[in-house]
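Residue strings, one per chain:
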Amino acid sequence: VALRDRLLAAVVACFKRHGAAAIDTPVLELQETLTGKYGEDVKLIYKLEDQGGELLALRYDLTVPFARYLAMNKITNIKRYHIAKVYRRDNPAMTRGRYREFYQCDFDIAGQFDPMIPDAECLKIVHEILSDLQLGDFLIKVNDRRILNGVFAVCGIPESKFITTCSTVDKLDKMPWEDVKSEMVGEKGLSPEAADRIGEYVQLHGGLDLIERLLQDAKLSQNKLAKEGLGDMKLLFEYLTLFGIAGEISFDLSLARGLDYYTGVIFEAVLLQQENEHVEEPVSVGSVAGGGRYDGLVGMFDPKGRKVPCVGVSIGIERIFSILEQRVEASGEKVRTTETQVLVATPQKHLLAARLKLISELWGAGIKAEMLYKKDPKLLKQLQYCEDTGIPLAAIVGEQELTDGVVKLRDVATREEVRM
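Since the structure is predicted, the reported quantities are computational estimates derived from the model, not experimental observations.

S.K.: Just checking my understanding: could you explain the domain arrangement of the protein chain for this structure?
M.R.: Domain annotation of the protein chain identifies domain 1 (1-331) and domain 2 (342-419). Its C-alpha centre places domain 1 at a distance of 52 Å from the equivalent point of domain 2.

Written out as C-alpha cells, the structure reads:
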C-alpha cells in the first residue's frame, strides 16, 4: 500500500503540474449509461439490480462516467483528473496486473481546441510519468481510428464490421498475425483476401517517414478518413518533436484499442525491459497506460446530442505496481510494512505506564511510534521486533531512566545508545 501510495502521489503531482482539476463520479451508474460503449468488453461489466428494480452497474472505467457528467452539467471546457477504483468481471491474473477491482488514474481535456495540441499534451504526460517512475525503457504506440477505418474501407471491409475487426486487430500485440487472420476469417466472417490486404497495413510501424509514405499510398490517399487521420498524425509528430519525446513514440498501425468510443488518435504505452535474470519467467503485464480521442461520447448523453470533443489518458497504476513488486521480490530487498520511526521499550517489569506516557508524547509530536501490546515484554523480544520490521530506533525507558529523567535512544542497527 505504501508503494502504491508513492506511485499515486507521483501521478497526481504530474496531473496537477498540467493544471488539471480533481473530479469525482459515483461508483454506481445506470446500466444504460455503460452499455453500448465498450464493444466486446461489455460482458465484463458488473450488473446489479437494486431493491426498487432499477438496473445499475459498477463503473467499468472512469471515461464514460466523465462524459455523462459533462453532458448532465452542460460543461464544454475542462481539464480534469480522477483517481479511483473501477470494476471488471474478469479472470484475475495477479502476475500480469489483472484484477476485478483496481485503480485507474485518468487525465482528460474536454473542449474545442486546435487539432492535436491537447493530444500531444496527453502523450507528454504519459512520457513524464513513466520517466519519473524510472521503470526502464518504454515505448508509446500511437495510431488513429480514422486511419484504421480507412484501411478497412480500402481493403473492402463493410462499415458494419469495422468495430469488430478493430477488436481483432487489437490482439496483434498478444497473438501472431496468422492467428489474428484466422479469427478475422473464422469468427468475423472476412474473406482471406480481405484479411491479407489488412495484414499488409497493420503490421507496419515507424515514425514521420511512415506517415509520409502512407500519405502517398495510392489507395489510402483516396480515402477521406484516412487522409484526415494521417494529416493529423503528421501534425502530432511535429508537436511531439518540439516536446522532445518523439524518440519514444511509434506510429503503429496494429494498435486498435477495442473500446467503441474512440474516434481519432489512440495510444498505448508498453515497457520494453520486463525480463529479470533473477526470475524464471519474464515479467509481462501488458500495457501500462492507454487512451485516445473520444469526440462523440458526451453527445450520447446530451438530450440534444451536443458534442464536446475530448481526449484523455489512463495510467495503469496496478500494472506498474505489479512490475515493481516483482522486481523487489526478485532482488531479495526487504520491504518495510510500516513507516514506524521508533519503538517505545522497557527493560523491566511494571513499566507499562511509562511506555504509555512516552508513546503518547511521541504521537502528539507527530513521531511515528509503536510499542508491544504486552504488560511486561522482554527487552530482547522488543529489540527483535525492531529488527524484524525494520524500525530504526528504540526509545528505552527503565527504572534508572525514570529516576534520572532521561530516555535511552538505541540505534537498532549499530546498537549505539545515547541518553537524552
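Read on, since the account is not over.
S.K.: I'm lost on the layout of surface pockets in this one. Help?
M.R.: One way to see where empty space is left: roll a probe the size of a water molecule over the atoms. For the second largest pocket, the calculated volume is near 400 Å³. Contributing to the lining of the second largest pocket are 16 residues, with Ala2, Leu3, Arg6, Val335 and Arg336 lying nearest its centre. Listing elements by their share of the lining of the second largest pocket, those giving two or more residues are α1 (2-17) and α12 (317-331). A total of five residues in the lining of the second largest pocket trace back to one element, the largest contributor, which is α12. Grouping the constituent residues of the lining of the second largest pocket by class yields seven nonpolar, two polar and seven charged.

S.K.: How should empty space enclosed by the protein be read in this particular structure?
M.R.: Enumeration according to the criterion identifies one cavity of 30 Å³ or more in this entry. Estimated volume of the largest cavity: approximately 50 Å³. Taken together, Lys141, Asp170, Asp173, Asp252, Ser254, Leu255 and Glu268 make up the full set of residues lining the largest cavity. Here the residues of the lining of the largest cavity sort into one nonpolar, one polar and five charged.

S.K.: Got a minute to help me understand the nonpolar core in this structure?
M.R.: Soluble globular proteins tend to pack their nonpolar side chains together in the buried interior. Ranked by size, the top nonpolar core spans 72 residues in total, and within it Phe15, Phe152, Ile198, Phe251, Phe267, Ile315 and Ile320 carry the most contacts. Setting aside chain neighbours within four positions, we find Ile320 in contact with Leu7, Leu130, Leu133, Leu135, Val288 and Ile315. Residues Ala57, Leu70, Ile78 and Leu255 belong to the second largest nonpolar core, which totals 25 residues.

S.K.: So what exactly am I meant to see when it comes to the UniProt feature "binding site: L-histidine" (unreviewed entry) in the protein chain here?
M.R.: Under the UniProt annotation, "binding site: L-histidine" (unreviewed entry) lies at Asp61, Leu62, Thr63, Arg88, Gln104, Asp108, Arg257, Tyr261 and Tyr262. Along the chain, the position of Arg88 falls in the loop between β5 (78-87) and β6 (101-110). Excluding anything up to four places from it in sequence, Arg88 contacts Leu44, Tyr46, Tyr60, Asp61, Tyr99, Arg100, Phe102 and Gln104. One polar contact links the side chain of Arg88 to the main-chain carbonyl oxygen of Tyr60, over a distance of 2.9 Å. In this structure the side chain of Tyr261 is engaged in a polar contact, spanning 2.7 Å, whose partner is the side chain of Asp61.

S.K.: Sorry, what's going on with the packing of helix α4 (residues 117-132) against helix α10 (residues 224-243) here?
M.R.: The packing of two helices is summarised by the inter-axis angle and the distance between the axes. Remark: α4 packs on α10, axes separated minimally by 9 Å, with the N-to-C direction vectors making an angle of 45°. By the angle between their axes, α4 is oblique relative to α10. Where α4 crosses over α10, the two elements pack in a sense that is right-handed. Residues Ile117, Asp119, Ala120, Glu121, Leu123 and Lys124 of α4 form the contact with α10, whose participating residues are Leu236, Tyr239, Leu240 and Phe243. Of the residues belonging to the contact of α4 with α10, the class tally is seven nonpolar, no polar and three charged.

Cut-offs applied
- Residues numbered from 1 in each chain as written.
- Predicted model: local features only at pLDDT ≥ 70, side-chain atom pairs only at ≥ 80, totals over all residues.
- Heavy atoms only, no water.
- Domains from an automatic or database assignment.
- 1 Å grid on protein atoms, 1.4 Å probe; cavity = no way out; pocket = protein on both sides within 12 Å on 5 of 7 lines; lining within 4 Å.
- Points joined across faces, edges and corners; volume = space filled by probe spheres on them.
- Helix = DSSP H or I, 4+ residues; strand = E, 2+ residues; numbered from the N terminus.
- Nonpolar A, V, L, I, M, F, W, Y, C, P; charged D, E, K, R; others polar.
- Core = buried A, V, L, I, M, F, W, Y, C linked by side-chain atoms within 4.5 Å.
- Buried < 20%, exposed > 50% of the residue type's maximum accessible area, 1.4 Å probe, protein only.
- Contact = heavy atoms within 4.5 Å.
- UniProt positions renumbered as here; feature names shortened; annotations may be inferred.
- Polar contact = N/O pair within 3.5 Å; in protein donor to acceptor, adjacent residues only side chain to side chain.
- Axes fitted to C-alpha atoms, helices over the stretch in contact; angles between N-to-C directions.
- Parallel < 35°, antiparallel > 145°, perpendicular 65-115°, else oblique.
- Left-handed = near helix turned anticlockwise from the far one by under 90°.

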